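Chains, contacts and geometry: an overview
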Amino acid sequence: MTRTPPMTVTRDRLWRWRRNPLRRHSDIVEGWVVLATWILALLGAVLGGWAAAHSVDSTLTARRAQVHAVSAVLTDGAVKTPAAGSGYDDGRVWATARWTGPDGKVHMDRAKVLPGAPAGTQVTVWTDRTGRAVPAPASAAEAMLQTVLTGALVAQVTGTTVWAGGWLVRNALVRRRLAEWDEEWKRVGPEWRNYSGGRG
């Protein structure tokens, strides 16, 4: 006795687009919904990610243009050990520094310096146009990292949101089709049972 090799069933992903007497209008609509969902998800992810990355990059560039580094002098010595448990810790401590602003006025504020720096040490302080001390702007590497991560995150969220919307629309179409089949079976079922001798 010869054994028949098992049949392999290949899945045809393009069946909705081919002519077929069993293809319904809802199959065509579902095919267009799936295609539109993927195109819009990819396009939305690319455009959303690019727009977010461009916005972050513009903001960081504008921030760097609004501040500048000035040379300051410590008015008192810095403590030798940083305070413990302060959250983000880069190993530096706060100390009072003095500098002259662009308007010629002398300013004093706290600045981050290395522990144990004596009074009179030259340090760099970032100031705005009025001469007030401000946090240092992001470096080029930090700005690039923030830009890339923001763009990637927004692209993922945008693409996922569009895909989820398409999935909901497709599920609604499937539920509607199942309801139509149910109604049709209620009409055809009794006739089918008569043809099959009551066994259908």
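Residues numbered from 1 in each chain as written. Predicted model: local features only at pLDDT ≥ 70, side-chain atom pairs only at ≥ 80, totals over all residues. Heavy atoms only, no water.

Overview of the sheet that holds strand S3 (residues 106–113)
Note the threshold: By this definition, two strands are paired if DSSP reports at least two bridges between them. Helix and strand assignments follow DSSP, with helices taken as H or I runs no shorter than four residues and strands as E runs no shorter than two, numbered in order from the N terminus. Between N-to-C directions, angles span 0 to 180 degrees; the directions come from axes that are lines fitted to C-alpha atoms, helices contributing only their stretch in contact.
Across the sheet, four strands lie side by side as S3-S2-S1-S4; this open sheet has antiparallel pairing. Of all strands in the sheet, those bounded by a partner on one side alone are S3 and strand S4 (122–127). The mean inter-strand angle of the sheet, taken between neighbouring strand axes irrespective of direction, is 50°.

Considerations on the pairing of strand S2 (residues 93–100)
Quick note on the threshold: Burial classes: relative accessible area under 20% of the type maximum marks a residue as buried, over 50% as exposed, and values in between as partly exposed (1.4 Å probe, protein chains only).
Residue alternation in S2 divides its side chains into a buried set, Val-93, Ala-95, Ala-97 and Trp-99, and an unburied set, Trp-94, Thr-96, Arg-98 and Thr-100. Alignment of strand S1 (residues 68–74) against S2, held across two bridges, turns out to be antiparallel. Across the sheet, the residue bridging to Val-73 is Arg-98, located in S2. Two strands pair when backbone bridges link them, and S2 and S3 are joined in this way by eight bridges, in the antiparallel orientation. Its bridge partner lying in S3, Thr-100 is registered against Val-106. As consecutive antiparallel partners, S2 and S3 are separated by five residues, and within that stretch Gly-104 has a phi angle of approximately 90°, a positive value.

Details of the environment of Val-56
What counts here: In this description, contact between two residues means that some pair of their heavy atoms is separated by no more than 4.5 Å.
Tracing the sequence through the fold places Val-56 in helix H1 (residues 25–66). Residues Val-56 and Thr-147, spaced 91 residues apart in sequence, show a C-alpha to C-alpha distance of 5.7 Å. Contact partners of Val-56, with chain neighbours within four places excluded, come to Gln-146, Thr-147 and Thr-150.

What about a nonpolar patch on the surface?
Formally: Residues enter patches when they are more than 30% accessible in relative terms and free of salt bridges; like-charged ones are connected within 9 Å and nonpolar ones (Val, Leu, Ile, Met, Phe, Trp, Tyr) within 5 Å. Each accessible area is a Shrake-Rupley result for a 1.4 Å probe, and residues are judged covered by the shown protein chains and nothing else. Counted as salt bridges are all cases of a side-chain nitrogen of Lys or Arg within 4 Å of a carboxyl oxygen of Asp or Glu.
Residues Trp-38, Leu-42, Trp-163, Trp-167 and Leu-168 make up a contiguous nonpolar surface patch of about 590 Å² in total accessible area. Elements with a minimum of two residues in the nonpolar patch: H1 and helix H2 (140–195). The leading source of residues in the nonpolar patch is H2, at three residues. Assignment of secondary structure puts Leu-168 in helix H2.

Quick notes on the nonpolar core
Our working rule: Throughout, nonpolar core names a set of buried Ala, Val, Leu, Ile, Met, Phe, Trp, Tyr and Cys residues whose side chains join them through atoms within 4.5 Å.
With 13 residues, the main nonpolar core has Ala-72, Leu-74, Ala-78, Ala-97, Val-113, Val-123 and Val-125 as its most contacted residues. The set of elements that each furnish at least two residues to this core consists of S1, S2, S3 and S4. Take this core: its biggest share by element is four residues, from S2. Dropping the residues within four chain positions of it, Ala-97 is found in contact with Ala-72, Val-73, Leu-74, Thr-75, His-107, Met-108, Asp-109, Ala-111, Val-123 and Val-125.

Thoughts on the packing of aromatic side chains
Rules: The criterion for an aromatic pair is that two Phe, Tyr or Trp rings (for Trp, the six-membered ring) have centres within 6.5 Å, with stacked assigned to planes under 30 degrees apart, edge-to-face to planes over 60 apart and tilted to the rest. Both a distance and an angle decide whether a charge sits over a ring: NZ of Lys or CZ of Arg must be within 6 Å of the ring centre and within 35 degrees of the ring normal.
Applying the stated rule across the entire model yields zero aromatic pairs. Taking the ring centre of Trp-94 as reference, the NZ or CZ of Arg-110 above it sits at 4.7 Å.

So, the confidence of the model for the protein chain
The line we're drawing: Each residue carries a pLDDT value, the predictor's own confidence for that position, ranging from 0 to 100.
On average, residues of the protein chain score 83 in pLDDT, and 82% of them are at 70 or above. Mean pLDDT across the elements of the protein chain ranges from a minimum in S3, with 87, to a maximum in H1, with 92.

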